[in-house]
Amino acid sequence: MTNKIQEANLAMVVSKTFSGLNVNALRYLLPLWIAPLTGVTFRCVFAAVAFWIIGYWAKPETASVKDKIYLFLLGAVGIYGYMFSYLMGLSKTTPVSAAIFTSMQPIWVFLISVFFLHEKATLMKIIGIALGFGGALLCILTQGSDDLAHDAFTGNMLCMVSSLVFAVYLIVSKKLLEEVGVVTMMKYIFGGAAVTGLIVSSIIGWDAPLLTDAL
């Protein structure tokens, strides 16, 4: 049990390290080199293609047609909605502020679990939630706009919305993950997100100077 806990903690450290690098890299690209909506589509399509390729070589997994449809819709709405609001918010605020609001996901998960899944709310948990919300509100109300964050308030609000959307996704996907394999889940979730991204970008238009200027 101890080894599993250590492995899980190490995996979380590695995940958060890459997440920090990812936020700064994205902020460098957004919105000067690639528009947020185009960036969302690129990310979703790349992930979908990658997981479908992995799925071809991975151990076969079984899943009902109903589960696959649910996963597809979850990706089309949940994952795309999360990435849409997150990249739009990141393009308007700083990487540090964006990271603060994405770290609110556990708070949303707890609140949803208390109100809808009847999880017990202890005094210490309530105090922790209050402190977390207090810190978030302090960032929203006090951060000013500058060259890096040209519309910090809107960006922070969008990042907070993205953390709420992702929290809902985590709760819903947990139940599905108990019934289907991880690779199958990723294939159909990102497949749904990719389809939504392609439809939206085809209507709104593509905007990626990073590619056009390079040509």
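Residues numbered from 1 in each chain as written. Predicted model: local features only at pLDDT ≥ 70, side-chain atom pairs only at ≥ 80, totals over all residues. Heavy atoms only, no water.

Moving on: the packing of helix α2 (residues 36–57) against helix α8 (residues 182–204). Interhelical geometry of α2 versus α8 gives an angle of 150 degrees and a closest axis separation of 7 Å. Remark: the crossing between α2 and α8 carries left-handed chirality. Residues of the contact of α2 with α8, tallied by class, amount to 16 nonpolar, six polar and one charged. (Axes fitted to C-alpha atoms, helices over the stretch in contact; angles between N-to-C directions. Helix = DSSP H or I, 4+ residues; strand = E, 2+ residues; numbered from the N terminus. Left-handed = near helix turned anticlockwise from the far one by under 90°. Nonpolar A, V, L, I, M, F, W, Y, C, P; charged D, E, K, R; others polar.)

The subject of this paragraph is the confidence of the model for the chain. Put simply, the chain has an average pLDDT of 79, and 79% of its residues get 70 or more. Put simply, helix α9 (residues 209–212) is where the chain has its lowest mean pLDDT, 67, and α8 is where it has its highest, 90. (pLDDT = per-residue confidence, 0-100.)

Our focus in this paragraph is the packing of aromatic side chains. Inspection of every chain in the model, using the stated rule, returns seven aromatic pairs. Summarising the aromatic geometry, the rings of Phe51 and Phe190 are spaced 5.6 Å apart at their centres and angled 15 degrees between planes, so their arrangement reads as stacked. Separated by 139 residues along the polypeptide, Phe51 in helix α2 and Phe190 in helix α8 bring together distant segments of the chain. Note on Phe51: relative accessible area 24%, which makes it partly exposed. For the pair Tyr82 and Tyr86, a centre-to-centre distance of 5.9 Å together with 15 degrees between the ring planes defines the contact as stacked. You can see Tyr82 and its partner Tyr86 sitting in helix α3 (residues 65–90), four residues apart, about one turn around the helix. What links up through ring pairs into an aromatic cluster is the set Tyr82, Tyr86, Phe166 and Tyr169. (Phe/Tyr/Trp six-rings, centres within 6.5 Å; stacked < 30°, edge-to-face > 60°. Buried < 20%, exposed > 50% of the residue type's maximum accessible area, 1.4 Å probe, protein only.)

Glancing now at helix α4 (residues 95–102). The complete set of buried residues in α4 reads Pro95, Ser97, Ala98, Phe101 and Thr102. Viewed along the axis of α4, the buried residues span an arc of 160 degrees, placing them on a single side of the element. (Arc of directions from axis to C-beta.)

The next thing to look at is the packing of α2 against α3. Where α2 contacts α3, the axes come no closer than 9 Å and their chain directions differ by 140 degrees. Overall, the two elements α2 and α3 adopt an arrangement that is oblique. Crossing of α2 over α3 shows right-handed handedness. Between α2 and α3, the residues in contact are Pro36, Leu37, Gly39, Val40, Arg43 and Cys44 and Tyr80, Met83, Phe84, Leu87 and Met88, respectively. (Parallel < 35°, antiparallel > 145°, perpendicular 65-115°, else oblique. Contact = heavy atoms within 4.5 Å.)

You can see Val165 is positioned in helix α7 (residues 152–177). On a C-alpha basis, the gap between Val165 and Gly81 in space is 7.0 Å, while along the polypeptide they are 84 residues apart. If near-sequence neighbours (up to four positions away) are discounted, Val165 is found in contact with Gly78, Gly81 and Tyr82.

With 22 residues, α2 ought to run about 32 Å at 1.5 Å a step, and its terminal C-alpha atoms sit 32 Å apart, in line with that. Of the surrounding secondary structure, the elements contacted by the buried residues of α2 are α3 and α8. (Expected span 1.5 Å × (residues − 1).)

Our focus in this paragraph is the nonpolar core. If you look at the biggest cluster of nonpolar residues, it comprises 36 residues, and the most contacted ones within it are Ile79, Tyr169 and Ile189. Of all the elements in the fold, those that place two or more residues in this core are α2, α3, α4, α5 (105–116), α7 and α8. Take this core: its biggest share by element is nine residues, from α3. The residues contacting Ile79, other than those within four sequence positions of it, are Leu74, Phe166, Tyr169, Ile189, Phe190 and Ala193. (Core = buried A, V, L, I, M, F, W, Y, C linked by side-chain atoms within 4.5 Å.)

Moving on, we come to the environment of Ala194. Take Ala194: it is sitting in helix α8. Residues Ala194 and Thr41, 153 residues apart in the sequence, show an inter-C-alpha distance of 6.2 Å. Not counting chain neighbours up to four residues away, the residues in contact with Ala194 comprise Cys44, Val45 and Ala48.

Turning next to the side chain of Ser85. Counting through the fold element by element, Ser85 comes out in helix α3. Reaching out from Ser85, the side chain makes a polar contact with the backbone oxygen of Tyr82 at a distance of 3.1 Å. (Polar contact = N/O pair within 3.5 Å; in protein donor to acceptor, adjacent residues only side chain to side chain.)

Here the focus is a nonpolar patch on the surface. On the surface, Val65, Ile69, Tyr70, Phe72, Leu73, Val195, Ile199, Ile203 and Ile204 cluster together into a nonpolar patch covering about 890 Å² of accessible area. Elements with a contribution of two residues or more to the nonpolar patch: α3 and α8. Per-element tally for the nonpolar patch: the top contributor is α3, with five residues. With respect to the helices, strands and loops of the structure, Leu73 is situated in helix α3. (Patch = residues over 30% accessible without salt bridge, like charges linked within 9 Å, V, L, I, M, F, W, Y side chains within 5 Å. Areas by Shrake-Rupley, 256 points an atom, 1.4 Å probe, with all protein chains shown as cover. Salt bridge = Lys/Arg side-chain N within 4 Å of Asp/Glu carboxyl O.)

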